[in-house]
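One letter stands for each residue in the lines below.
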Amino acid sequence: ATMIPIAAERAQPVREVATSLDQCRRCELWKSATQAVPGIGPAQARIMLVGEQPGDQEDLAGLPFVGPAGALLEQAMQEAGMARDSIYLTNAVKHFKWEPRGKRRLHKTPAQREILACHGWLEEEIERVQPQVIVALGSTALKSILQDGAASMTPLIGTPVQHAGRSVIAAYHPAYVLRAPDESSRRQAYAVIVAGLRQALRLEQ
Ligand code: URA
């Protein structure tokens, strides 16, 4: 039998997924994005964090959560005692949706049809990684994970639900913390994220 180097055998499917993801035309967002941004993390991570979509910096880097929201998420993970390199990080929508605002590219919330168009890619990651716990960061992630366009964050905060055999935890998106109008709501929203991450660590045991 032909010997296949283990490294190549393991690396290949990941690259195939990334390539076909970048060529995805299931919605229109690819047209204005630099590239599709796939998830990243250990092949068998027990916890998956799902954000909304890549932001300006993620779009340029091709990696999730490398911008300001990522820095805040990193801080929350540290506070929760969660090692970033043990977690699979991804987004519900893989292309950056934006509108020009002066010289900046301003994030736009994905439409339900775009969340739906991208759902198969998230599903592929969940099937491949098989996490025990999924943390939805914000309502776009929650809608995609629960396959329910009407899913709302508020009733699920602090109350994990079972969906398709996995625990799903709802927490605010880190950008929501960054946008909070005052220090007190900022602290409150941040605390919800840290609590959600701690809950994920308890549930994976
Ligand atoms: N916001 C997200 O939801 N995901 C990222 O990757 C970056 C910012």
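Residues numbered from 1 in each chain as written. Predicted model: local features only at pLDDT ≥ 70, side-chain atom pairs only at ≥ 80, totals over all residues.

If you check an unreviewed UniProt entry, the protein appears there as Type-4 uracil-DNA glycosylase from Janthinobacterium aestuarii.

Draft legend 1. Summary view of the overall build of the protein. Across its full length, the protein carries 7 helices and 7 strands. Going from N to C terminus, the protein has its helices and strands arranged as α-β-α-α-β-β-β-α-β-α-β-β-α-α. Rg of the C-alpha trace for the protein: 17 Å, near the compact-globule value of 17 Å for 205 residues, within the 12% margin. The principal-axis extent of the C-alpha atoms belonging to the protein is close to 65 × 45 × 30 Å. Expressed as a percentage of its 205 residues, the buried residues of the protein come to 38%. For the protein, restricting intrachain contacts to residue pairs at least 6 apart in sequence, the fraction spanning at least 24 positions comes to 72%. (Helix = DSSP H or I, 4+ residues; strand = E, 2+ residues; numbered from the N terminus. Rg over C-alpha atoms; globule rule 2.2 N^0.38 Å. Buried ≥ 20, exposed ≤ 12 C-beta atoms within 10 Å, placed from the backbone. Contact = placed C-beta atoms within 7 Å.)

Draft legend 2. Molecular detail of the UniProt feature "domain: Uracil-DNA glycosylase-like" (unreviewed entry) in the protein. The residues that UniProt annotates with the feature "domain: Uracil-DNA glycosylase-like" (unreviewed entry) are residues 38–198. Its end C-alpha atoms 25 Å apart, residues 38–198 is made of 42% helix and 19% strand. (UniProt positions renumbered as here; feature names shortened; annotations may be inferred.)

Draft legend 3. Quick look at the sheet that holds strand β5 (residues 133–137). What the 5 strands build is an open sheet, ordered β2-β1-β5-β7-β6; its pairing is mixed. On the outer flanks of this sheet lie β2 (88–91) and β6 (161–163), each paired with one strand and no other. Neighbour-to-neighbour, the strand axes of this sheet turn through a mean angle of 30°, independent of strand direction. Relative to β5, strand β1 (residues 47–51) runs parallel, the two being bridged by 4 bridges. In the sheet register, M48 faces β5, and the bridge partner there is I134. The sheet strands contacting helix α5 (residues 139–146) are β1, β5, β6 and β7 (166–171), and the helix crosses β5 at an angle near 140°. Strand contacts of helix α7 (residues 183–203): β1, β5 and β7, with the helix running at about 170° to β7, the strand carrying the most contacts. (Pairing = 2+ DSSP bridges. Axes fitted to C-alpha atoms, helices over the stretch in contact; angles between N-to-C directions.)

Draft legend 4. Up close: unusual backbone geometry. A positive phi is found at F65, a non-glycine position, where the angle reads about 55°. Residue F65 is classed as buried on the basis of its 28 C-beta neighbours within 10 Å. The backbone of Q147 sits at a positive phi, close to 50°, despite the residue not being glycine. Counting through the fold element by element, Q147 comes out in the loop between α5 and β6.

Draft legend 5. Geometry of the packing of helix α4 (residues 112–129) against α5. At their nearest, the axes of α4 and α5 sit 10 Å apart, and the two run at 65° to each other. With respect to α5, the axis of α4 lies roughly perpendicular. As α4 runs across α5, the sense of the crossing is right-handed. Between α4 and α5, the residues in contact are I115, H119 and L122 and T140, K143 and S144, respectively. Tallied by class, the residues present in the contact of α4 with α5 amount to 2 nonpolar, 3 polar and 1 charged. (Parallel < 35°, antiparallel > 145°, perpendicular 65-115°, else oblique. Left-handed = near helix turned anticlockwise from the far one by under 90°. Nonpolar A, V, L, I, M, F, W, Y, C, P; charged D, E, K, R; others polar.)

Draft legend 6. Seen up close, the packing of helix α3 (residues 68–80) against α7. Two numbers describe how α3 lies on α7: the axes approach to 9 Å, and their chain directions differ by 50°. Considered as vectors, α3 and α7 are oriented oblique to each other. In terms of crossing hand, the pair formed by α3 and α7 is right-handed. Contact residues: α3 offers A76, M77, E79 and A80, while α7 offers Y190, I193, V194, L197, R198 and L201. Of the residues in the contact of α3 with α7, the class split is 8 nonpolar, no polar and 2 charged.

Draft legend 7. Region of the structure containing the pairing of β5. Counted residue by residue, β5 has 5 buried out of 5 residues, so it is predominantly covered. Here β5 shows no split at all, with V133, V135 and L137 on one side and I134 and A136 on the other all buried. Two elements, β5 and β7, share 5 bridges in a ladder whose sense is parallel. Directly across from A136, in β7, lies its bridge partner A170.

Draft legend 8. Geometry of α3. Over its 13 residues, α3 runs 19 Å from end to end, which matches the ideal 18 Å to within 8%, given 1.5 Å per residue. Those residues of α3 that sit buried are A69, G70, L73, A76 and M77. Looking straight down α3, one finds its buried side chains confined to an arc of 120°; they lie on one side. G81 sits one or two positions beyond α3 and adopts a positive phi of about 80°. (Expected span 1.5 Å × (residues − 1). Arc of directions from axis to C-beta.)

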